[in-house]
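# Overview (structure and organization)
Take a look at the letters that make up each chain.
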Amino acid sequence: MRFRILGPTRVLLADGRQVPVGGPRLRALLALLLLDAGRMVSTERLIDGLYGEHPPRGAANALQSQVSRLRQALPAEHDPVEFHPAGYRLAVDPDDVDAHRFERLAEAGRRALVDCDWPRAATLLREALELWRGPALADAIGAAGAPAQAARLDELRLAATEDRVEAELALGAHGALVAELRELVVAHPLRERSRGQLMRALAALGRPAEALAEFEDARRTLAEQLGADPSAELAAIHLAVLRGDERLAGRGPAEPALPSQLTTFVGREEELRRLGGLLGERRLVTLTGPGGAGKTRLAIEAAGRVDGEVRFVELAGLADGSDVPQAVLSALGLRDAGLRAPAESGWQTIDRLVEALAERRLLLVLDNCERVLVDAARLAARLLSACPALRVLATSREPLGLAGEALCPLSGLTLPPPGASALDADEYAAVGLFAQRAVDVAPDFTVTPANVEMVLRICRGLDGLPLAIELAAARLRALSVAEVAARLDDRFRLLSTGSRAVSPRHRTLRAVVEWSWDLLDDAERIVARRLTVFASGATLEAAGRVCGLPTSEFVDALTGLVDKSFVEMTGGRYRMLETVRAFCAERLAEAGEADQLRRAHTAYFLEFAWTASDQLRCAEQLHWLRRLDADRDNLHAALRRATAAGDASDAAGMVAALSFYWWLRGMRGEGARLAADVLELLGTEAPPGLSEEFALCVYNASLAGSGPLPSLGTQRSVIRSLDRAPRQPFLLYLSGISTGPPSGGADHVDELMGELRRLVGPDPWINALGAMGSGSALMWSDQWDRARAALATALDGFRGTGDRWGTMITLGALGELAAWQGDPETAGAHMDEAMGLVEALGSAVDQADMLRTRGEIRLRAGDLAAAHDDFAGALVLAQRSGAPEFVASARLGLAQVARVRGDLAAARRFCEEALTGGLTGWYVGEAARAEIILVLKEITEAEKPGAPPSADGA
């Protein structure tokens with residue numbers, strides 16, 4: 001038999017005849033069983049699905065009657081409906097159910113699309129989409145859980161349609177797709193992928209004006225409905241249409257996980273073909289070669305031509321190899337959100353990466369591995385062994401030295417051989433690159449019979465190295481080709497007899513940088529060497545403040561450096577090529593300015609961190625989060641340098657200033673490691689005047705579970721130890737979740753807030769935080785009316801300040817309170833708003849936490865299917881983010897659902913899995929562990945012979 005639920009529920013025999021199933025409720029029952037074809041569906045879930053929140057008396061008997069009728073409706077020779085003690089199972093092959101067959105074919109088509117097998121992808125995806133005969137689960141849409149399943153299938157249908165369009169675009173079917181894509185855009189005006197496909201199809205048909213009009217319509221629609229701009233992907237298609245990029249006819253532009261390039265890519269076609277072949281055959285490919293050979297640029301270009309997900313990890317700026325896993329975690333957009341990762345469990349960032357990437361199809365580009373070669377190699381080996389769908393493309397001056405590593409050596413660009421005709425010179429990549437970059441600074445430049453010999457002399461003298469050629473071409477702004485050639489020749493005469501222990505190409509690159517340095521004036525040299533103190537580029541303001549020159553002199557010097565290719569400017573930030581930066585750093589040390597610049601850099605970013613921290617509690621929260629993200633490397637570099645130099649006040653102040661940012665961005669593990677280093681500097685007691693900073697160092701360090709730490713006592717003792725209002729009010733939240741609620745409950749919270757108000761004065765954010773603490777304590781002491789009033793005060797306070805985070809967690813508490821009072825509608829409204837705030841903050845971990853909270857609310861309301869879905873969603877998000885505490889809490893929720901349903905074996909398994917990591921140390925973790933142990937005891941009691949079945953949802 002064949003079964004259809006992608007439309008009206010239907011049963012078809014092998015010869016095509018339809019089997020009548022009966023009335024609406026019987027068809028709904030069949031649809032619910034077919035959703036889990038081959039698997040047992042619990043009695044409770046089926047009752048919920050058929051009868052909703054108000055099942056009839058004797059619902060189990062009514063269900064049994066419906067099942068009996070279904071058995072009678074289906075051919076006797078098949079009889080696929082099986083009874084189990086806890087439910088029913090439809091014993092059919094999932095591939096005989098159109099929904100499951102659709103999902104299998106759609107996934108196979110997606111894999112073919114990623115592998116660039118366009119014909120197979122198009123065939124599979126067409127076959128998948130042809131299975132649809134109407135709205136999914138049309139006969140069961142009123143059943144509990146069915147709308148969510150229908151919405152999921154509809155989303156998969158739309159994604160499969162877009163995948164099919166992608167394959168057909170690659171096959172050249174642009175004209176046939178325009179009408180369909182217009183219908184998709186009208187039906188889904190906020191769906192940017194369909195919009196981009198329509199733009200590409202129109203552009204490929206020679207209708208760029210219509211493509212640009214589509215972009216304008218998308219921009220206007222997004223602004224009006226969401227207050228947002230088009231995504232980077234859609235903006236890239238828009239730019240490509242403007243440029244007339246012919247590649248629009250094929251697949252879309254690369255995902256915005258690769259650094260954007262400001263200049264065209266020249267040459268390397270042979271290397272690109274070889275690299276593409278290696279990436280298709282091998283899981284680890286390393287681009288090797290000297291500095292300045294263009295390894296990074298080639299890796300970006302090659303990765304941009306790979307279908308599927310790509311992530312780029314820059315390793316050049318890392319202080320040491322221990323930061324390699326964290327750099328990968330950040331590049332993947334994962335939050336290092338653990339409240340505590342206990343040392344005894346061995347849980348490390350690498351383990352989180354393995355969990356997050358275990359089944360993810362991804363190309364990971366590790367750039368500039370030579371600075372952290374051993375740690376990069378260890379990480380690559382671990383990830384490749386544990387993540388079968390992962391591929392790694394590395395760039396390094398030497399191989400990683402791993403088994404199975406495929407090497408792609410890179411040297412200079414192609415040069416005309418000796419004796420070749422000068423007229424053919426521009427056909428070689430080195431000359432072509434020189435010519436293109438020369439035009440950038442001297443628009444009238446061309447390679448002519450009069451200058452071709454000098455151009456060849458420059459390119460050959462520089463061994464065809466791209467960076468050296470670009471620096472040489474940039475000099476044409478001030479020098480003639482002949483003068484450039486003459487100066488370059490003078491420089492290389494010295495290097496021809498240099499040390500044989502140094503790579504010749506490294507000597508050549510150094511000569512080019514030294515020669516470029518000689519062309520700078522005094523102010524440009526000062527700025528160039530001082531800019532090296534920045535770890536990840538700088539804004540104009542930051543660079544000017546730290547470099548310390550008069551404004552006009554600084555701006556002129558910086559402009560000169562940009563013109564002379566010493567500094568790049570992109571996205572409003574200035575940064576140096578790494579080779580140039582290393583050279584200029586030597587000049588900084590020679591000038592004796594390194595310590596002076598370190599202090600200036602630390603002072604600027606300490607001030608910036610405090611300014612940003614204050615704004616994180618205001619309406620501009622998202623803007624300042626983005627600003628902190630852009631300078632994260634500088635902030636952490638300043639903290640590390642202050643710690644290494646023994647500047648206790650600056651180092652502790654930076655930890656204090658960054659504490660709330662680390663929490664909001666889920667970098668609690670990384671912050672813990674940085675704070676632990678500062679604690680070693682501070683000692684076991686707070687130095688004079690640093691009580692608040694010392695406490696924040698202790699709280700942050702404890703998040704990593706790293707050995708014994710100084711005790712701060714209760715929240716009351718921490719507040720009383722302060723001799724001034726806390727500059728970082730988030731201290732109060734950290735102290736609360738570290739030590740737990742005061743022993744006296746809400747009254748003690750109110751007393752603490754009274755003491756704090758005397759110290760602080762009127763502060764809306766602190767008052768809101770205190771009200772939230774009071775409300776939570778009142779909830780746990782069953783004073784529900786007072787709790788609701790306190791939480792409402794907290795909500796008004798956080799909304800008044802504009803803090804989305806505080807608003808979100810308060811809404812979660814109000815949702816729980818409403819659920820406890822038997823008001824699921826109000827609870828759901830609170831949680832819907834909280835989930836919207838989570839999305840605005842871009843926090844996958846907080847989304848997992850809110851899903852877990854909503855799951856507990858639905859569990860208490862007896863909506864087991866919805867609760868299960870929430871806990872399962874929270875588990876997926878927590879696993880992808882590598883956050884063990886939220887993994888544990890999600891598994892505890894699934895255990896509770898299974899226990900209430902009577903599946904005690906599953907409940908025990910979930911509880912035991914929940915105890916495996918990340919739950920010791922802080923009050924929050926200990927409370928979760930205690931709850932899991934309590935549930936295990938309840939399961940043990942329920943497993944005893946004659947024990948009554950559990951029916952509560954709490």
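Residues numbered from 1 in each chain as written. Predicted model: local features only at pLDDT ≥ 70, side-chain atom pairs only at ≥ 80, totals over all residues. Heavy atoms only, no water.

### Details of the overall build of the protein chain
- Helix and strand counts for the protein chain stand at 42 helices and 13 strands.
- Residues counted as buried form 52% of the 954 residues belonging to the protein chain.
- A sequence separation of at least 24 residues applies to 70% of the contacts in the protein chain between residues at least 6 apart.
- Only carbon and sulfur atoms are counted for the fraction: they give 52% of the accessible area of the protein chain, which is about 40,700 Å². (Helix = DSSP H or I, 4+ residues; strand = E, 2+ residues; numbered from the N terminus. Buried < 20%, exposed > 50% of the residue type's maximum accessible area, 1.4 Å probe, protein only. Contact = heavy atoms within 4.5 Å. Areas by Shrake-Rupley, 256 points an atom, 1.4 Å probe, with all protein chains shown as cover.)

### Notes on the packing of aromatic side chains
- Going through the model one piece at a time under the given rule, you end up with 16 aromatic pairs.
- With 5.9 Å between their ring centres and 65° between their planes, tryptophan 517 and phenylalanine 583 make a pair best called edge-to-face. With tryptophan 517 in helix H20 (residues 504-518) and phenylalanine 583 in helix H24 (residues 578-590), this residue pair connects regions lying 66 residues apart in the sequence. Taken individually, tryptophan 517 and phenylalanine 583 each receive the classification buried, so the pair is uniform in this respect.
- Taken together, a centroid distance of 5.7 Å and an interplanar angle of 70° make the contact between phenylalanine 730 and tryptophan 805 edge-to-face. Placement of the pair is phenylalanine 730 in helix H32 (residues 730-739) and tryptophan 805 in helix H36 (residues 804-820), with a sequence separation of 75 residues. (Phe/Tyr/Trp six-rings, centres within 6.5 Å; stacked < 30°, edge-to-face > 60°.)

### Focus on the sheet that holds strand E2 (residues 10-12)
- Across the sheet, which stays open at both edges, the three strands sit in the order E1-E2-E3 with antiparallel pairing between neighbours. Strands with a single pairing partner mark the edges of an open sheet, and in this sheet they are strand E1 (2-4) and strand E3 (18-19).
- Bridge count for E2 against E3 is two bridges, and the pairing is antiparallel. Residue pairing in the sheet places leucine 12 in a bridge with glutamine 18 of E3. (Pairing = 2+ DSSP bridges.)

### As for helix H21 (residues 522-531)
- The buried fraction of H21 is high, at seven of ten residues.
- Taken together, the buried positions of H21 are Ala523, Glu524, Val527, Ala528, Arg529, Arg530 and Leu531.
- Capping the start of H21, aspartate 521 holds a side-chain oxygen 3.2 Å from the backbone nitrogen of alanine 523, two or three residues further along. (Polar contact = N/O pair within 3.5 Å; in protein donor to acceptor, adjacent residues only side chain to side chain.)

### Comments concerning the side chain of arginine 311
- Note on placement: arginine 311 falls in strand E8 (residues 309-314).
- Under the relative-accessibility criterion, arginine 311 is labelled buried at 18%.
- Polar contacts involving the side chain of arginine 311 include one to the side chain of glutamate 309, which spans 3.4 Å.

### Regarding the confidence of the model for the protein chain
- Predicted confidence across the protein chain gives a mean pLDDT of 82, with 87% of residues reaching 70 or more.
- Least confident of the elements in the protein chain is H20, whose mean pLDDT is 59; most confident is helix H25 (residues 594-615), at 96.
- Here residues 251-256 scores under 50 on pLDDT; set against residues more than four positions off or in separate chains, the count is 19 contacts. (pLDDT = per-residue confidence, 0-100.)

### Quick look at the environment of alanine 376
- Along the polypeptide, alanine 376 turns up in helix H15 (residues 373-386).
- Along the sequence, alanine 376 and alanine 394 sit 18 residues apart, while their C-alpha atoms lie 9.2 Å from each other.
- For alanine 376, the residues in contact, after removing those within four places along its chain, are Leu315, Val324 and Cys369.

### Describing the sheet that holds strand E7 (residues 284-288)
- Read from one edge to the other, the open sheet built from five strands follows the order E8-E9-E10-E7-E11, with strand pairing classed as parallel. For this open sheet the edge positions go to E8 and strand E11 (406-409), each flanked by a neighbour on one side alone. Across the sheet, the mean angle separating the axes of adjacent strands is 20° when strand polarity is ignored.
- Sheet topology note: the strand E9 (residues 362-367)/strand E10 (residues 390-396) ladder contains five bridges and is parallel. Paired with valine 365 across the strands is leucine 393, a residue of E10. (Axes fitted to C-alpha atoms, helices over the stretch in contact; angles between N-to-C directions.)

### Quick word on unusual backbone geometry
- Positioned with a positive phi, arginine 268 is a non-glycine residue whose angle comes to about 65°.
- One can find arginine 268 in the loop between helix H10 (232-243) and helix H11 (269-281).
- Overall, the relative accessible area of 5% leaves arginine 268 in the buried class.
- Unusually for a residue other than glycine, asparagine 368 sits at a positive phi of about 60°.
- On the secondary structure map, asparagine 368 appears in the loop between E9 and H15.

### Quick look at the pattern of salt bridges
- Tallied over the entire structure, the rule returns 54 salt bridges.
- Of the charged contacts in the structure, one is a salt bridge between arginine 200 and glutamate 166, with a shortest N-O distance of 2.7 Å. Of this pair, arginine 200 sits in helix H8 (residues 192-204) while glutamate 166 sits in helix H6 (residues 146-170), placing them 34 residues apart in sequence. Glutamate 166 carries the same exposure label as arginine 200, and that label is buried.
- For arginine 852, the salt bridge identified is with aspartate 849, shortest N-O distance 2.7 Å. In this pair, arginine 852 and aspartate 849 are both assigned in helix H38 (residues 844-860), three residues apart and thus about one turn of the helix distant. For the pair arginine 852 and aspartate 849, a shared accessibility class is recorded, and that class is buried. (Salt bridge = Lys/Arg side-chain N within 4 Å of Asp/Glu carboxyl O.)

### Remarks on a negative patch on the surface
- A cluster of acidic residues, Asp521, Asp522, Glu553 and Asp556, forms a negative patch at the surface.
- Take aspartate 556: it is sitting in helix H23 (residues 551-563). (Patch = residues over 30% accessible without salt bridge, like charges linked within 9 Å, V, L, I, M, F, W, Y side chains within 5 Å. Lys, Arg positive; Asp, Glu negative; His and termini not counted. Charge placed at Lys NZ, Arg CZ, Asp CG, Glu CD.)

### Some details on the nonpolar core
- Counting 149 residues, the largest nonpolar core has Leu531, Phe534, Phe566, Phe605, Met654, Tyr733 and Trp805 as the members making the most contacts within it.
- In terms of nonpolar packing, the next biggest core, distinct from the first, is built from 57 residues, Val11, Ala108, Ala121 and Ala160 among them. (Core = buried A, V, L, I, M, F, W, Y, C linked by side-chain atoms within 4.5 Å.)

### Looking at helix H17 (residues 452-461)
- Every buried residue belonging to H17 is among Val452, Val455, Leu456, Ile458 and Cys459, and all of these are buried. The arc that holds the buried residues of H17, viewed along the axis, is 160°, so those residues lie on one side.
- Of the residues flanking the end of H17, it is aspartate 463, one or two places downstream, whose phi is positive at about 55°. (Arc of directions from axis to C-beta.)

### A look at the environment of proline 189
- Of note, proline 189 is situated in the loop between helix H7 (174-187) and H8.
- For the pair proline 189 and leucine 222, spaced 33 residues apart in the sequence, the C-alpha separation amounts to 8.5 Å.

### Details of the pairing of E7
- Of all five residues that make up E7, five are buried, and the element is covered over most of its length.
- Of the two faces of E7, the one carrying Leu284, Thr286 and Thr288 and the one carrying Val285 and Leu287 are both buried.
- Direction of pairing for E7 relative to E10: parallel, over a ladder of five bridges. If you follow valine 285 over to E10, its bridge partner there is leucine 393.
- In this structure, E7 lies alongside E11, joined through four bridges in parallel fashion. Note that in E11 the partner of threonine 288 across the bridge is proline 409.

### Topic: the packing of H6 against H7
- Axis separation between H6 and H7 bottoms out at 10 Å; the angle between their running directions is 155°. When the axes of H6 and H7 are compared, the pair comes out roughly antiparallel. In this structure, the crossing between H6 and H7 has a hand that is left-handed. Here H6 contributes Leu158, Thr161, Arg164, Val165, Glu168 and Leu169 to the contact with H7, which in turn contributes His174, Leu177, Glu180, Leu181 and Leu184.
- Looking at the contact of H6 with H7, its residues break down into six nonpolar, two polar and three charged. (Parallel < 35°, antiparallel > 145°, perpendicular 65-115°, else oblique. Left-handed = near helix turned anticlockwise from the far one by under 90°. Nonpolar A, V, L, I, M, F, W, Y, C, P; charged D, E, K, R; others polar.)

### Observations concerning the packing of helix H28 (residues 648-664) against helix H29 (residues 668-682)
- Look at H28 against H29: their axes get within 10 Å of each other, and the N-to-C directions meet at 160°. Accordingly, the angle class assigned to the pair H28 and H29 is roughly antiparallel. With respect to the hand of their crossing, H28 and H29 are arranged in left-handed fashion. Across the interface between the two elements, Ala648, Ala651, Ala652, Val655, Trp662 and Trp663 from H28 touch Arg668, Gly671, Leu674, Ala675, Val678, Leu681 and Leu682 from H29.
- By residue class, the composition of the contact of H28 with H29 is eleven nonpolar, one polar and one charged.

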